[in-house]
Amino acid sequence: MAKRVGLEVSLAVADAVKMSKAEVVSAYPITPQTHIVEELSHFVANGELDAAFIPVESEHSAMSAAMGSAATGARTYTATSSQGLALMNEMLPIASAMRLPIVMTIANRSLSGPISIWNDHSDIMSIRDVGWVQIFVENGQEAFDISVCAFKIAEDHRVLLPMGVNMDGFMLSHMIEPVEFPDQSDIDDFLPGFTAKMILDPAEPVTMGPVGVPEVYMEAKVQCEQALINSKPVVKEVLDGFAAKFGRQYNLVETNGKEGAKTLFVTMGSLGETVMTSVDEMNADGKDVGQVRIRLWRPFPQEEFLAAVKGADKLIVLDRALSPGGVRGPVASELASLFHGQADAPEIVNVVAGLGGRDVSVDEFKEIYETAQSGGFKDAYTVWGVMSNA
Amino acid sequence: MLNEVDLSKYEKITAKTIPTEKGISSGHRACQGCVEILAMGMVMKAVGRNVIVANATGCMEIVTSPFPQTAWNVPWMHVAFENTSAVASGIEAALKIREKHGKLKGERPKVLAFGGDGATADIGLQALSGALERGHDFTYVCLDNEAYMNTGIQRSSSTPYGAMTTTSPPGSNSIGQSTWKKNVPAIAAAHNIPYVATASPGNYLDLMNKVRKAIAIDGPAYIHIYAVCPTGWGIKSEKGIELSKLAVKTNVFPLYEVIGGKYILKENKNPKPVVDYLKIQRRFRHLSETDVEYIQKRVDAEYAHLAAMASCAAPEEEENDE
Amino acid sequence: MSAKALMAWQDLALGTAICEPGSAAKLKTGDWRSMAPSLDEEKCIQCGICLILCPEFCISEHDDGFFRPDYDYCKGCGICANECPKDAITMGREEK
């Protein structure tokens, strides 16, 4: 029987990895990801998870060891945050180019300068183009469920790409939330063991990672790009399959608030839950506002997003990372690109908020809404809540 | 003894039983007279076919794998420059757990990592240290040609004192490389791993048997192989093996093993003068007599230090004889 | 397909791996050679040291017991001649 317990979300993710029967976990401690791999090391130590736990000496090696492991045919998991992700950066596009289905949780945290252990999306936005499937979760149940799905998506022979599961550091990773755990047998039915398509095996020697001469480099990149584009229906299929088995439906893009609202908040990650409360309260006050939450970031669910915002004339796009010197924040830039050339394109109001763990309250979102309605946001983007003498 | 080292699985190669196995095929693109690829081929002969290779970025990676052809007859993986030991760690961990889960057919393959001196002594030292410390059952082979040859002969921390490279040029204020060669075998040995050795392809049976010992033992092994680069060192293409022997005979590159913490030195009672070694290489041509004298003294001192460590590690009954 | 490319991306193996082991043998590196080894069978004692020390891995033992290079691959480095204990191998300009 499935059971429902209250626990820290990091531990729920560790449980998901355990129930997914990962065979190799390579990990290096970094706040706020650490509780996940601590828990996994306990599972391995007490025999609850029959896996190899490699306590590597850096995140660079965490990803490198994960790549060696996945290439040898083992179900492979790691987790990181912020500086750790930055240190892995060099490895990430190689993992996708080599088509290695590693699953990694990223407890999103600000990038240093100054050092900050708190949450925003500057870490993940700095690796946007590495060719990984990238998904965001908003709550504990979703973190558990999507982590299980991630193995099934990444290892699908139509995908065979690494997948990053993003959850906001502290704001989500350290929350105590109720999580329903399915039975192991149901997880086993849903997620059979990993069958690699190509592995390092002396019986059938392959050369992985040869020199990409100019006569093949572009084709190699396009193979990876196409695999990522073509992963979208598989992500959808796996999430729908999960819903059919476990009763919890996750879509690539979610909507809430007033149907057909003319103004929509666009959010990604757990701050979306605060916006949800704000939108509900504004709806109760008769405001014409709704919300679209982006779950799948790469590949970007273009059709699903367009369908979700159809009829809206204004999008208040929340970015949790700066793109200094750029036109807008990363999510808003993506959407501006999506709407380019469309006659009925909605106005994009871009608010960069909540950097480095700065809290944004329910009331502040109401204020953001009112400011947007009154045309108060004059610039291509506005950094919300920053103290200035100007 | 620091470690009990089980060498019961060691299968010695003799002059009559040298394997003809070609882990690396002909048609690779190494320079004429490249001793690095030759040494790599010797390692592969000793290892056989039941192996998975992780290879760092560098000359050997480049010359064996330009798409669409590979010189490798065994499974091989190149990821990047500094992380080969970590890649090998992951391969080893995956093999062991898959073996435990009954998913491997046949005997668990050996795991072999190759890196040049840059990949080992410089950029990959951290990953190497981590993998040695964690005790993975793998063999790391450093193919030391004493500079970054792939990028055009830049100095590394393994470049010997006095050597001219493109980033350690001699000049009015420079002798060439101004630092002494980093002692990576000693660093490896400091991890208290079961097996460390130096080897030279001039002494090919010794080299292959050290590889056989490395793969026979359980746990990490490190082999540091002297690998002449005729292009980078400025010698004729036929001289690589001659120089490999000379490096050993002059004590510039002493051959030793560290088994379970115990140093075993292949004694060289009548060493040749270091000048014989230096004078045939263009990279040392600018050195003065005084420079050569200094190098001779330091080589002598290092050899004496090594000999002293080897004598410290006498058999146990003698140790107890205090 | 562009002539600048070796093959279509759809035809690449997964992750651009190379699935034909030892396919480098298709590259005949013998044309790098300016000097070629030749064997004096009178002097040769068939010890096979040349095979062990050939960086091209292209010397093999023939049915008559002699070790000879495959000139398709021999780059003419001269190590075999330099190391032959009986000076049975000499390097000479090739007549092409």
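That block above? That's the structure.
Described below are features of the structure shown in this document. (Residues numbered from 1 in each chain as written. Chains lettered and ligands numbered in written order. Predicted model: local features only at pLDDT ≥ 70, side-chain atom pairs only at ≥ 80, totals over all residues. Heavy atoms only, no water.)

Thoughts on the overall build of chain B
Short version of the rule: Under the DSSP-based scheme used, a helix requires at least four consecutive residues in state H or I and a strand at least two consecutive residues in state E, with every element numbered from the N terminus. Radius of gyration: over C-alpha atoms. The globule rule applied is 2.2 Å multiplied by the number of residues raised to the 0.38 power. When checking whether two residues touch, look at their non-hydrogen atoms; a contact exists if any pair is within 4.5 Å.
Counting its secondary structure elements, chain B contains 12 helices and 10 strands. Relative to the 2.2 N^0.38 estimate, which gives 20 Å for 322 residues, the radius of gyration of chain B is 19 Å and therefore close to what a compact globule would have. When its C-alpha atoms are laid out on the principal axes, chain B stretches across 65 × 65 × 40 Å. If you take every contact in chain B between residues at least 6 apart in sequence, the share linking residues at least 24 apart comes to 70%.

As for the environment of Thr255(A)
Topologically, Thr255(A) is positioned in strand 10 (residues 253-257). Setting aside its immediate chain neighbours within four residues, Thr255(A) contacts Gln291(A), Val292(A), Arg293(A) and Ala308(A).

Looking at the interface of chain C and chain A
Rule in force here: Here the quantity called buried area is the accessible surface, traced with a 1.4 Å probe, that two parts lose on coming together, added over both. Put simply, a salt bridge is a Lys or Arg side-chain nitrogen that is within 4 Å of an Asp or Glu carboxyl oxygen. The definition of a polar contact used here is a pair of N or O atoms within 3.5 Å, where within protein one atom must be able to donate a hydrogen and the other to accept one, and adjacent residues in sequence count solely through side-chain atom pairs. Classes in brief: Ala, Val, Leu, Ile, Met, Phe, Trp, Tyr, Cys and Pro nonpolar; Asp, Glu, Lys and Arg charged; the others, Gly included, polar.
Counting residues at the interface gives 15 residues for chain C and 20 residues for chain A. Across the interface of chain C and chain A, roughly 1,500 Å² is buried in total on both sides, 71% from carbon and sulfur atoms. Across the chain C-chain A interface, the total number found is 0 salt bridges. The interface formed by chain C and chain A contains 5 residue pairs in polar contact (both at pLDDT 80 or more). The residue inventory of the side of chain C that touches chain A, partitioned by class, reads 12 nonpolar, 2 polar and 1 charged.

Some points on the nonpolar core
Our working definition: Nonpolar cores were defined as sets of buried Ala, Val, Leu, Ile, Met, Phe, Trp, Tyr and Cys residues, with membership established by side-chain atoms within 4.5 Å. In this scheme, a residue with accessible area under 20% of its type's maximum is buried, one over 50% is exposed, and one in between is partly exposed, where area comes from a 1.4 Å probe on protein chains only.
Counting 92 residues, the largest nonpolar core has Met63(A), Met67(A), Phe305(A), Leu335(A) and Met77(B) as the members making the most contacts within it. In this structure Met67(A) touches Met91(A), Ile94(A), Ala95(A), Met98(A), Leu100(A), Ile102(A), Met77(B) and Val79(B), once residues within four positions along its chain are discounted. One finds Trp72(B), Cys50(C), Cys77(C) and Cys84(C) within the second-largest nonpolar core, a separate group that totals 88 residues.

Here's the deal with the packing of aromatic side chains
Put simply, the rule reads: Note on aromatic contacts: the rings of Phe and Tyr and the six-membered ring of Trp form a pair at centre separations within 6.5 Å, being stacked when their planes are under 30 degrees apart, edge-to-face when over 60 apart, and tilted otherwise. As a reminder, the over-ring test applies to NZ of lysine and CZ of arginine, requiring each to be within 6 Å of the ring centre and within 35 degrees of the ring normal.
According to the stated counting rule, one finds 22 aromatic pairs over all chains in the structure shown. Between Phe144(A) and Phe181(A) the ring centres are 5.0 Å apart and the planes differ by 85 degrees, which places this aromatic pair in the edge-to-face class. Note that Phe144(A) is positioned in helix 7 (residues 140-155) and Phe181(A) in strand 8 (residues 176-181), a separation of 37 residues in sequence. The pair formed by Phe144(A) and Phe181(A) is uniform in burial state, with each residue classed as buried. Members of the aromatic cluster, each reached through a chain of ring pairs, are Phe190(A), Phe242(A), Phe246(A) and Tyr250(A). One residue, Lys18(A), lies across the ring of Phe43(A), its end atom 4.5 Å from the ring centre. In this arrangement the basic side chain of Arg283(B) is found over the ring face of Trp233(B), its NZ or CZ atom lying 3.7 Å from the centre.

Considerations on the layout of surface pockets
Residue and element names in this part refer to chain B. Under the convention used in this document: Here a cavity is any set of points on a 1 Å grid over the protein atoms alone where a 1.4 Å probe fits but cannot get out, and a pocket is any open set with protein on both sides within 12 Å along at least 5 of 7 lines; a residue lines the site when it has an atom within 4 Å of a point. Grid points are joined across faces, edges and corners, and a volume is the space filled by probe spheres set on the points.
Of the voids in this model, the largest pocket is the one considered here, and its volume is about 610 Å³. If you trace the largest pocket, you find 30 residues lining it, with Trp-180, Lys-181, Val-252, Pro-254 and Glu-302 closest to the centre. Elements represented by at least two residues in the lining of the largest pocket include exactly helix 6 (184-189), helix 10 (274-278) and helix 11 (289-312). Examining the composition of the lining of the largest pocket, we find that 8 residues originate from one element, helix 11, more than from any other. Broken down by class, the residue content of the lining of the largest pocket amounts to 20 nonpolar, 5 polar and 5 charged.

Focus on the side chain of Thr105(A)
Residues and elements named next belong to chain A. Here Thr-105 shows up in strand 5 (residues 103-108). Since its relative accessible area comes to 2%, Thr-105 is described here as buried. Here Tyr-77 takes part through its side chain, which lies 2.6 Å from a polar atom of the side chain of Thr-105. Ignoring sequence-local partners within four residues, the contact set of Thr-105 consists of Val-13, Ile-36, Tyr-77, Thr-78, Ala-79, Thr-80, Val-165 and Met-167.

A look at the pairing of strand 8 (residues 221-226) of chain B
Residue and element names in this part refer to chain B. The line we're drawing: Here a strand pair is declared whenever DSSP counts at least two bridges between the two strands. By convention, orient the strands away from the viewer: a clockwise path from the first strand over the helix to the second makes the crossover right-handed.
Along strand 8, 6 of the 6 residues are buried, which leaves the element largely enclosed by surrounding structure. Of the two faces of strand 8, the one holding Ala-221, Ile-223 and Ile-225 and the one holding Tyr-222, His-224 and Tyr-226 are both buried throughout. Of the strand pairs in this sheet, strand 4 (residues 139-144) and strand 8 are connected by 6 bridges, and their pairing is parallel. Note that in strand 8 the partner of Val-141 across the bridge is Ile-223. Between the parallel pair strand 7 (residues 195-199) and strand 8, the chain is carried across by helix 7 (residues 204-216), and the sense of this crossover is right-handed.

Topic: unusual backbone geometry
Most peptide bonds take the trans configuration, and most residues that are not glycine carry a negative phi. In the segment running from Thr31(A) into Pro32(A), the intervening peptide bond is cis, with an omega of 0 degrees. Tracing the chain through its elements places Pro32(A) in the loop between strand 2 (24-27) and helix 2 (34-45). Residue Phe67(B) is joined to Pro68(B) through a cis peptide bond whose omega torsion reads 10 degrees. Its place among the elements puts Pro68(B) in the loop between helix 2 (59-64) and strand 2 (76-78). Within the chain, Leu160(A) stands out as a residue other than glycine whose phi angle is a positive 45 degrees. Judged by relative accessible area, which is 2%, Leu160(A) ranks as buried. Non-glycine residue Ile153(B) carries a positive phi angle of around 65 degrees.

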